[in-house]
Amino acid sequence: MFTKDNQDNSTYNVDNFAFIKKFSPVVGDLIEKEYNRQKNNIELIASENYCSEAVLAACGSCLSWKYAEGYPYVRTSGNTSRYYGGTTFVDELEEYCCDKWREVFHTDYHVNVQPHSGSQANFAAYKAILQPGDTILSLSLDNGGHLTHGSSVNFSGKLYNMAFYDVDEKGYIDMEDVRKKAMEHKPQLILTGASAYSRIIDFKAFAEIAREVGAYFMVDMAHIAGLVAGEQHPSPFGYADIITTTTHKTLRGPRGGLIFGRKELAKKIDSAVFPYAQGGPLEHIIAGKAICAEEALRPEYKEYARQVVSNCKAFCDEFLRLGYKVVTGGTDNHVFLLDLSGYPFSGRELQERLDEEGITLNKNCVPGETRSPKETSGVRIGTAPMTTRGYKEEDFRQVAHRIDSIIKDMMK
Ligand code: PLP
């Protein structure tokens, strides 16, 4: 819909703020302002993307008011276990959505498409396989993990006993440390996946360590799921017992989560989502997730994923050529971290300055961080959204030069 030249070539009425304004001038006006911000800015937030008009339309459809607590699985179990009538069509939709996601990842794992978000998917995944007080070994927030991977301010850090593996001095996940900590802490779950990690993750090596210590192995592939679908990152299927993801980052779908698990975990996963963690599923979002899966199955999607990674390498290489420090010295995926330790301004200050210049990204901790998480010494840069808008390698090189001149200006 938004092009690289800040145009909107939609056929669907995405700019329906004019209609909304008739009913609520305040809300309509704010949506219009946000629409213009999104259309005119260069979007480099690694966890964002633009979904298709079809996904957007499905998410705004009549399914939004349908209650359907429970599960369909008419084909798999012979009956529906919904707690409401009138679910014939959403039953069919939800089963179709599950089938499509299995097809995307070439898997026969069980899939639950109901989690409202990535955090809720993780909440339910832990509940399916752990007891409160069990030990999880994961990557900490300041090394690139997510809040739900055991941060002390999140449910994960409060409900479970956390141990963390480290990255090495270059910023790579240190598999020796993973093994050492696994032996030391004997966790019930070893978790990998990240919000800010720019390198290939070795799922096989993680699975071997988990097997050695008798732990479950879980992958949160929220960031890289689109690259896995587009065959630009090795797949965790076959290695992990349980896999969670969001559908709105590199996958380019609606905001939401998915959980995949080995078949023997199916019942535990389903009951952890409903009735434990959630009530009624968002059938309009499930419709959007089904369309997102159909899109991920098209050849153009593989080309998109390839372009995201190629753009990211070109963008990152240009910063390196300009003399910047990048965590791990490069990238294999859709994201990289500029390390601004030693600069006279923080990640927050650069984020705010770039915002004023129409470039959106976010501050991020770097390994060995000395500033607070509210300040940080780094920024996280991603290529998934602007690749959707048609950016190629040369466009990103030009953005690197724009950011470089803004930084030079801040140094004056
Ligand atoms: N897992 C990872 C690795 C993430 O990066 C995120 C979000 O950024 C989440 C989970 C949580 O997703 P949500 O914001 O949908 O709760």
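Residues numbered from 1 in each chain as written. Predicted model: local features only at pLDDT ≥ 70, side-chain atom pairs only at ≥ 80, totals over all residues. Heavy atoms only, no water.

A.B. asks: Describe the overall build of the chain, with residues and values.
C.D. replies: Each helix and strand counted, the chain has 16 helices and 15 strands in total. Against the compact-globule benchmark of 22 Å for 412 residues, the chain has a radius of gyration of 21 Å, which places it among compact chains. Taken over the C-alpha atoms alone, the chain extends approximately 70 × 60 × 40 Å along its principal axes. Burial statistics for the chain: of 412 residues in total, 56% are counted as buried. Across the chain, the fraction of contacts at a sequence separation of at least 24, relative to all contacts at a separation of at least 6, is 70%. (Helix = DSSP H or I, 4+ residues; strand = E, 2+ residues; numbered from the N terminus. Rg over C-alpha atoms; globule rule 2.2 N^0.38 Å. Buried < 20%, exposed > 50% of the residue type's maximum accessible area, 1.4 Å probe, protein only. Contact = heavy atoms within 4.5 Å.)

A.B. asks: Can you tell me about the nonpolar core, naming the residues and giving the values?
C.D. replies: In summary, soluble globular proteins display a tendency toward joint burial of nonpolar side chains. By size, the foremost hydrophobic cluster in this structure holds 77 residues, and its most contacted members are Trp101, Phe105, Ile190, Met221 and Phe260. Each of domain 1 (62-296) and domain 2 (302-411) gives at least three residues to this core. Residue contacts for methionine 221: discarding those within four places in its chain leaves Phe105, Val228, Pro236, Phe237, Ile243, Thr244, Thr245 and Phe260. Tyr50, Phe315, Leu338 and Ile406 belong to the second largest nonpolar core, which has 31 residues in total. (Core = buried A, V, L, I, M, F, W, Y, C linked by side-chain atoms within 4.5 Å. Domains from an automatic or database assignment.)

A.B. asks: Would you mind going over the site of the ligand in detail, with residue names and values included?
C.D. replies: Around the ligand, the structure places 13 residues, and the nearest of them are Gly118, Ser119, Ser195, Asp220 and Lys249. At a separation of 2.7 Å, an oxygen atom of the ligand approaches a polar side-chain atom of serine 119. Among the detected pockets, the ligand sits in the largest pocket. A per-class count over the shell around the ligand returns 2 nonpolar, 9 polar and 2 charged. (Near = heavy atom within 4 Å. Polar contact = N/O pair within 3.5 Å; in protein donor to acceptor, adjacent residues only side chain to side chain. 1 Å grid on protein atoms, 1.4 Å probe; cavity = no way out; pocket = protein on both sides within 12 Å on 5 of 7 lines; lining within 4 Å. Sits in = over half its atoms within 2 Å of the grid points. Nonpolar A, V, L, I, M, F, W, Y, C, P; charged D, E, K, R; others polar.)

A.B. asks: A description of the sheet that holds strand β6 (residues 161-165) should follow, citing residues and the corresponding values.
C.D. replies: Reading across the sheet, the 7 strands line up as β4-β10-β9-β8-β7-β5-β6 and stay open at both edges, with mixed pairing between neighbours. Two strands bound the open sheet, and with one partner strand each, they are β4 (110-112) and β6. Strand-to-strand twist of the sheet, defined as the mean angle between neighbouring strand axes without regard to direction, takes the value 20°. Pairing geometry for strand β5 (residues 135-139) and strand β7 (residues 189-192), over 2 bridges, is parallel. Bridged to isoleucine 136 within β7 is leucine 189. Each of β4, β9 (242-246) and β10 (257-261) touches helix α11 (residues 266-277); the most contacted strand, β4, lies at about 5° to it. (Pairing = 2+ DSSP bridges. Axes fitted to C-alpha atoms, helices over the stretch in contact; angles between N-to-C directions.)

A.B. asks: Explain the layout of surface pockets to me, using residue names and the numbers behind them.
C.D. replies: By volume, the largest pocket amounts to about 890 Å³. In this structure, the largest pocket is lined by 39 residues; those nearest its centre are Leu141, Gly145, His146, Leu147 and Ser195. Elements that contribute at least two residues to the lining of the largest pocket include exactly α6 (118-129) and β14 (362-364). When residues of the lining of the largest pocket are assigned to domains, at least three map to each of domain 1 (62-296) and domain 2 (302-411). (Points joined across faces, edges and corners; volume = space filled by probe spheres on them.)

A.B. asks: An account of the pattern of salt bridges is needed here, citing residue identities and associated values.
C.D. replies: Evaluated as defined, the whole model comprises 28 salt bridges. The partner of aspartate 29 in a salt bridge is lysine 33, and the shortest N-O contact between them spans 2.9 Å. Remark: lysine 33 and aspartate 29 occur in helix α2 (residues 25-40); sequence separation between them is 4 residues, near one turn of the helix. Judged by relative accessible area, aspartate 29 falls into the partly exposed class, the value being 27%. By relative accessible area, which is 52% here, lysine 33 ends up exposed. For glutamate 303, the salt bridge goes to arginine 306, with nearest N and O atoms at 2.9 Å. (Salt bridge = Lys/Arg side-chain N within 4 Å of Asp/Glu carboxyl O.)

A.B. asks: Mind laying out unusual backbone geometry, listing which residues take part and the relevant values?
C.D. replies: In this structure, proline 275 follows phenylalanine 274 across a cis peptide bond, with omega equal to 15°. Along the chain, the position of proline 275 falls in helix α11. In this model, arginine 252 sits at a positive phi of 70°, which is unusual for a non-glycine residue. Among the secondary structure elements, arginine 252 is positioned in the loop between β9 and β10. Even without being a glycine, threonine 328 presents a positive backbone phi close to 70°. Note on placement: threonine 328 falls in the loop between β11 (325-326) and β12 (335-339).

A.B. asks: How would you sum up the sheet that holds strand β15 (residues 378-382)? Please name residues and give values.
C.D. replies: Spatial strand order, β11-β12-β15-β14: 4 strands in an open sheet with antiparallel pairing. In this open sheet, the two strands that pair with only one neighbour each are β11 and β14. Of the pairings in the sheet, the one linking β12 to β15 comprises 5 bridges and is antiparallel in character. Counted as the bridge partner of valine 335 is glycine 382 from β15.

A.B. asks: Break down the environment of glutamine 188 for me, with residues and values.
C.D. replies: Mapped onto the elements of the fold, glutamine 188 is located in the loop between α8 (175-185) and β7. Glutamine 188 has contacts with Leu130, Asp134, Thr135, Ala215 and Tyr216, leaving out every residue within four places of it along the chain. For glutamine 188, the side chain forms a polar contact with the main-chain nitrogen of threonine 135, separated by 2.7 Å.

A.B. asks: Go over the packing of aromatic side chains, please, and point to the residues and values.
C.D. replies: As enumerated under the stated definition, the model contains 26 aromatic pairs in all. Both rings, one in tyrosine 126 and one in tyrosine 160, keep their centres 5.7 Å apart while their planes meet at 80°; by these two values the pair is edge-to-face. Of this pair, tyrosine 126 sits in helix α6 while tyrosine 160 sits in the loop between α7 (155-159) and β6, placing them 34 residues apart in sequence. By relative accessible area, tyrosine 126 is classed as buried at 0%. Both rings, one in phenylalanine 237 and one in phenylalanine 260, keep their centres 5.1 Å apart while their planes meet at 90°; by these two values the pair is edge-to-face. With phenylalanine 237 in the loop between α10 (225-229) and β9 and phenylalanine 260 in strand β10, this residue pair connects regions lying 23 residues apart in the sequence. Using a relative accessible area of 12% as the deciding quantity, one classes phenylalanine 237 as buried. (Phe/Tyr/Trp six-rings, centres within 6.5 Å; stacked < 30°, edge-to-face > 60°.)

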